[in-house]
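Below are the chains, spelled out letter by letter.
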Amino acid sequence: MMDDLERQRTVGFSELMRCPRCGAKCRLTRPSTVVCVDCVDRFDCVDRFDCVDGIWRMLTEQQRARFAPFLESYPLQRSREGWERDEAYYLSLPQVPQDDPTAQIWRIRRRSLIAIEDELHRHLGNPNGAVALDLGAGNCWLSRRLAQLGFTTVALDLNVQGSDSLTTGLMFIQHDKLWFDRVQASMDRLPFGDQAFDLCTVSAALYYSDVPTTLVEAYRVLRPNGMLVISDSPIYSAPAPGVIMAMEQRQTLSRVLGREPADLPGGHGFLVESELLDHLHEAGFRVRVVSTERPLGRVRRRIRALLQPQKREEARFPVFVGIKSPR
């Protein structure tokens, strides 16, 4: 049975929900089911959306068909790449042992997190009462951190299979005795109303998506003066090195999986800085770029580019901060 607190959370969260097909408001018909309020009158909009194992499944039938190849392939890919771990690993994130195979990735993400928290303090001050949306949340490590900081938090991702997915959010919720909602949905069609959030984060995920559409959606769901933070995506100065990197990664994945990996849900596997800035400005954001690169790392990268110009450009991982301009 659902207790009173859980019922209140469900009712409150359902107020944010919108139909991912037509954008109309949703209403609770049962404690774990919402439907589009227009479904009675609109025969082309008959979806119902259920909360299964604590995760709201907000994909339409058309979206489920569209993403099926990716959702079948991706959990296997993450498992064979070594991302599925035990409870101790996840609870320690973003800290991992120095000899861990993922240590370099988490070193980058820790630097990003320092920059993100500094920007949050600068722009939002005390986050208590603020509402945050973590797009491409993965195993929910950043959603957990936002909840710890005091944000009312929603974690959103496509993947709900395996331990490196939204399912791990329950581990954090139970261990920390905190709460954040979890939603399976597409970043380019957010199932939320306009101006619902104060903060939107996208860590190591934007390059999976249709970038222009996702940024427009992020702008839509942010309140005036709301904050978008993009981090941990591989950034290049031009498309060519990113294309080479993506091809190399695809070849590696083919060997790991023993077959061709599924295409990404909408992105190219990398971002080009000038293009990303253009898309952010077109969506309506005022933008700052915060470097997380250490001085010696920047010098080393520049020397390498001078001495080995034939080598592919190394990706950078700056933090992009977008502020929704009041209109």
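Everything here concerns the structure above.
Note that the structure is predicted; figures quoted are calculated from it, not measured.

Regarding the sheet that holds strand 5 (residues 131–135)
In step 1: Spatial ordering of the open sheet is given by 1-2-3-4-7-6-5-8-9-13-12, a layout of 11 strands whose pairing is mixed. Two strands in the sheet have a free side with no partner beyond their single neighbour: strand 1 (26–30) and strand 12 (285–290). The average undirected angle you get between the axes of adjacent strands in this sheet is 20°.
In step 2: As defined by bridge partners, strand 1 adjoins strand 2 (residues 33–36) across 4 bridges and the pair is classed as antiparallel. Considered in strand 2, the bridge of R30 is made with T33.

Section: the pattern of salt bridges
In step 1: Scanning the model with the defined rule gives 15 salt bridges in all.
In step 2: When the shortest N-O distance is used, the salt bridge between R78 and D164 registers 2.8 Å. Taken together, the residues span a long stretch of sequence, with R78 in helix 2 (residues 61–80) and D164 in the loop between strand 6 (152–157) and helix 6 (169–176) at a distance of 86 residues. The same class applies to R78 as to D164, namely buried.

Focus on the packing of aromatic side chains
In step 1: Taken as a whole and judged by the stated rule, the model has 10 aromatic pairs.
In step 2: Ring plane angle 65° and centroid distance 6.4 Å describe the contact between F70 and Y208, whose orientation is recorded as edge-to-face. Here F70 is found in helix 2, whereas its partner Y208 is found in the loop between strand 8 (197–203) and helix 7 (211–221), with 138 residues between them in sequence. Pair check on accessibility: F70 and Y208 agree, each one buried.
In step 3: Every member of this aromatic cluster is reached through a ring pair, and the members are F70, Y74, Y207 and Y208.
In step 4: Sitting over the face of the ring of W106, R109 holds its NZ or CZ atom 4.7 Å from the ring centroid.
In step 5: The positively charged end of K324 is found above the aromatic ring belonging to Y219, 4.6 Å away from the centroid.

Rules of the game
Residues numbered from 1 in each chain as written. Predicted model: local features only at pLDDT ≥ 70, side-chain atom pairs only at ≥ 80, totals over all residues. Heavy atoms only, no water. Pairing = 2+ DSSP bridges. Helix = DSSP H or I, 4+ residues; strand = E, 2+ residues; numbered from the N terminus. Axes fitted to C-alpha atoms, helices over the stretch in contact; angles between N-to-C directions. Salt bridge = Lys/Arg side-chain N within 4 Å of Asp/Glu carboxyl O. Buried < 20%, exposed > 50% of the residue type's maximum accessible area, 1.4 Å probe, protein only. Phe/Tyr/Trp six-rings, centres within 6.5 Å; stacked < 30°, edge-to-face > 60°. Lys NZ or Arg CZ within 6 Å of the ring centre and 35° of its normal.

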